[in-house]
Amino acid sequence: MAAFPWYIWCSVLAVTSAMIGVHWDISWHRSIGRDTFWTAPHLAIYLGGVLAGLSSGFVILTASFGNGRHREAAVSLWGFRGPLGAFIAAWGGIAMLTSAPFDDWWHNAYGLDVKILSPPHMILALGMHAVSLGALILTLGAMNRATGALRQRLHRVFLYLGGVIVVFLLVISMEYIFRIYMHSAIFYRAVCLSVPMVLVAVSRASGDRWAASKIALVYSLVLAGLLWILPLFPAEPKLGPVYWKVTHFVPPEFPLLLLAPAAVLDLWWTRTGETWTGWRQAAASGVLFLATFVAVQWPFASFLMSPAARNRFFGAIYFGYNTAPTSYYQRHLFFPFEPGARQFWLGMVIALLLAILNTRLGLAWGNWMRRVQR
């Protein structure tokens, strides 16, 4: 049996380190504030960039100036040769490391971020997405060339990376997917903007009957693990104002119920197979995704606001130190993002159109990934 490529292990470790680091960093900001650039979460994030950059760079240099197997499965870019995924991941690693001094300067100049999407964070986010996408394509190329047990191992890694990409994409829209927005159209628009495309594309490329469900399961396990593990470690605020007494790290919220729409899509695709294609499949899949997601997430959101969810398992007891007592979040109330029914339904129509459009893009992306060999 052929050996599992070491550089794919490095890319998986890089993506995992960055994924844990970014959620840990958000928790750090909600629990402690910002005290220094050299925090453990920052080191975990930038370790991902270093690993991705060095391993991908080595593969590119080996393919460009050597005669090994890396050269045989390579594309040419700017006079260099290497797997397509290695070029993407190397660029992502460089972008991540470039964002580090920019982010440090930004905080020294402007203080704590008011929003997640500050300019240095956008560069970091682009870099992390490139690293995760590069790892996905790198694994995909090796998977499409492999056979037997090696292909099965690469296939599992491929689905894992698909789940990690969902985690990363939902971090970008985190400000609109808190539980206080789960009865607003903005919440469903934020989810439909990215999740359907990844579920469809990775499922189509993998050929696995339950691929979407497995991707959603990876996302769910990662978020649930962070929810249950982070509060085990002590923390206290070092910035003010402190509205809520924090003694341990504040974790992310309970994972979204993406398993339900993912399973419905898997069943639907099994039934329709290749007979439904293009916009016809995109329309049906987009409607199924949004309808199923609303059907399970809407009542679950009401549960998360109830006293029954105020425990360590569901996590409705955790608040950042700067969460005001008068906020909707701390009072367990839904925020009326849309001022009226008309705006809400218009927002839901937009969410449906986004689900359909991104499903169509996912189908095209997945069909392209089926052909990737390098």
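What this report covers is the structure whose coordinates are included nearby. (Residues numbered from 1 in each chain as written. Predicted model: local features only at pLDDT ≥ 70, side-chain atom pairs only at ≥ 80, totals over all residues. Heavy atoms only, no water.)

All right, on to the overall build of the chain then. When you go through the chain residue by residue, the secondary structure sums to 12 helices and two strands. The N-to-C order of helical and strand elements in the chain reads α-α-α-β-β-α-α-α-α-α-α-α-α-α. Taken over the C-alpha trace, the chain has a radius of gyration of 21 Å; the compact-globule value for 374 residues is 21 Å, and the two agree within 12%. By its C-alpha atoms, the chain is 65 × 50 × 35 Å across when sized along the principal axes. Counting over 374 residues, the chain shows a buried share of 55%. A sequence separation of at least 24 residues applies to 76% of the contacts in the chain between residues at least 6 apart. Taken as a whole, the chain presents about 16,600 Å² of accessible surface, with 69% of it coming from carbon and sulfur. Of note, the chain has its 27 positive side-chain charges centred 11 Å away from the centre of its 13 negative side-chain charges. (Helix = DSSP H or I, 4+ residues; strand = E, 2+ residues; numbered from the N terminus. Rg over C-alpha atoms; globule rule 2.2 N^0.38 Å. Buried < 20%, exposed > 50% of the residue type's maximum accessible area, 1.4 Å probe, protein only. Contact = heavy atoms within 4.5 Å. Areas by Shrake-Rupley, 256 points an atom, 1.4 Å probe, with all protein chains shown as cover. Lys, Arg positive; Asp, Glu negative; His and termini not counted. Charge placed at Lys NZ, Arg CZ, Asp CG, Glu CD.)

Within the largest apolar cluster, 114 residues are counted, with the highest numbers of intra-cluster contacts made by Ile8, Phe158, Phe187, Val191, Leu256 and Leu258. Looking at which element gives the most residues to this core, the answer is helix α6 (residues 148-172), with 13 residues. (Core = buried A, V, L, I, M, F, W, Y, C linked by side-chain atoms within 4.5 Å.)

The next subject is the environment of Tyr7. Tracing the backbone shows Tyr7 in helix α1 (residues 6-31). On the basis of relative accessibility, which here comes to 5%, the residue Tyr7 falls in the buried class. Sequence separation between Tyr7 and Pro325 is 318 residues, and the spatial gap between their C-alpha atoms is 49 Å.

Let us now look at the packing of aromatic side chains. Enumeration over the complete set of coordinates arrives at 28 aromatic pairs. Ring centres of Tyr181 and Phe337 lie 6.0 Å apart, and the angle between their planes is 80°; this geometry places the pair in the edge-to-face category. Residue Tyr181 is located in the loop between α6 and α7 (185-192), and its partner Phe337 is located in the loop between α11 (278-304) and α12 (341-370); the two are separated by 156 residues in the primary sequence. Phe337 gets classed as partly exposed once you look at its relative accessible area, which sits at 34%. An angle of 20° between the planes, with centres 6.0 Å apart, marks the rings of Phe289 and Phe293 as stacked. (Phe/Tyr/Trp six-rings, centres within 6.5 Å; stacked < 30°, edge-to-face > 60°.)

Here we come to the packing of helix α5 (residues 119-145) against α6. Where α5 contacts α6, the axes come no closer than 9 Å and their chain directions differ by 160°. Classed by the angle they form, the pair α5 and α6 counts as roughly antiparallel. Every pair of crossing elements has a handedness; the one defined by α5 and α6 is left-handed. Contacts between α5 and α6 involve Ala125, Met128, His129, Ser132, Ala135, Leu136, Thr139, Leu140, Ala142, Met143 and Asn144 from the first element and Arg151, Leu154, His155, Val157, Phe158, Leu161, Gly162, Ile165, Phe168, Leu169 and Ile172 from the second. Its residues placed into classes, the contact of α5 with α6 shows 15 nonpolar, six polar and one charged. (Axes fitted to C-alpha atoms, helices over the stretch in contact; angles between N-to-C directions. Parallel < 35°, antiparallel > 145°, perpendicular 65-115°, else oblique. Left-handed = near helix turned anticlockwise from the far one by under 90°. Nonpolar A, V, L, I, M, F, W, Y, C, P; charged D, E, K, R; others polar.)

So, about the pattern of salt bridges. A complete count under the given rule lists two salt bridges for this structure. In this structure, Asp208 and Lys214 form a salt bridge, with 2.8 Å as the shortest nitrogen-oxygen distance. (Salt bridge = Lys/Arg side-chain N within 4 Å of Asp/Glu carboxyl O.)

Let us now look at a nonpolar patch on the surface. Together, Trp228, Ile229, Leu232, Phe233 and Phe313 line one region of the surface with nonpolar side chains, adding up to about 510 Å² of accessible area. Relative to the helices and strands, Leu232 is located in the loop between α9 (211-229) and α10 (259-272). (Patch = residues over 30% accessible without salt bridge, like charges linked within 9 Å, V, L, I, M, F, W, Y side chains within 5 Å.)

When you line up the elements, Leu333 lands in the loop between α11 and α12. Distance in space between the C-alpha atoms of Leu333 and Arg179 is 8.9 Å, their sequence separation being 154 residues. Excluding anything up to four places from it in sequence, Leu333 contacts Ile180, Met305 and Tyr328.

Within the chain, His332 stands out as a residue other than glycine whose phi angle is a positive 60°. Relative to the elements of secondary structure, His332 occurs in the loop between α11 and α12.

Our focus in this paragraph is α1. If you check α1, its first and last C-alpha atoms are 37 Å apart, about what 26 residues at 1.5 Å a residue would give, namely 38 Å. Counting buried residues along α1, 20 of its 26 residues qualify, which places the element largely inside the surrounding structure. In the segment just after α1, Gly33 is the residue with positive phi, at about 100°. (Expected span 1.5 Å × (residues − 1).)

Another point: the packing of helix α8 (residues 195-206) against α9. Two quantities define a packed helix pair, namely the angle between the axes and the distance from one axis to the other. The N-to-C vectors of α8 and α9 enclose an angle of 125°; their axes lie 8 Å apart at closest approach. On the basis of their axis angle, the class for α8 and α9 is oblique. Classified by chirality, the crossing of α9 by α8 is right-handed. From α8, Val198, Leu199, Val202, Ser203 and Ser206 reach across to α9, where they touch Ala211, Ala212 and Ile215. Residue composition of the contact of α8 with α9, grouped by class: six nonpolar, two polar and no charged.

A separate point is the side chain of Glu253. Among the structural elements, Glu253 can be located in the loop between α9 and α10. Of note is the side chain of Glu253, whose polar atom sits 2.6 Å from the side chain of Tyr329. Excluding its chain neighbours within four sequence positions, the residues that come into contact with Glu253 are Ile177, Phe178, Arg179, Met182, Leu223 and Tyr329. (Polar contact = N/O pair within 3.5 Å; in protein donor to acceptor, adjacent residues only side chain to side chain.)

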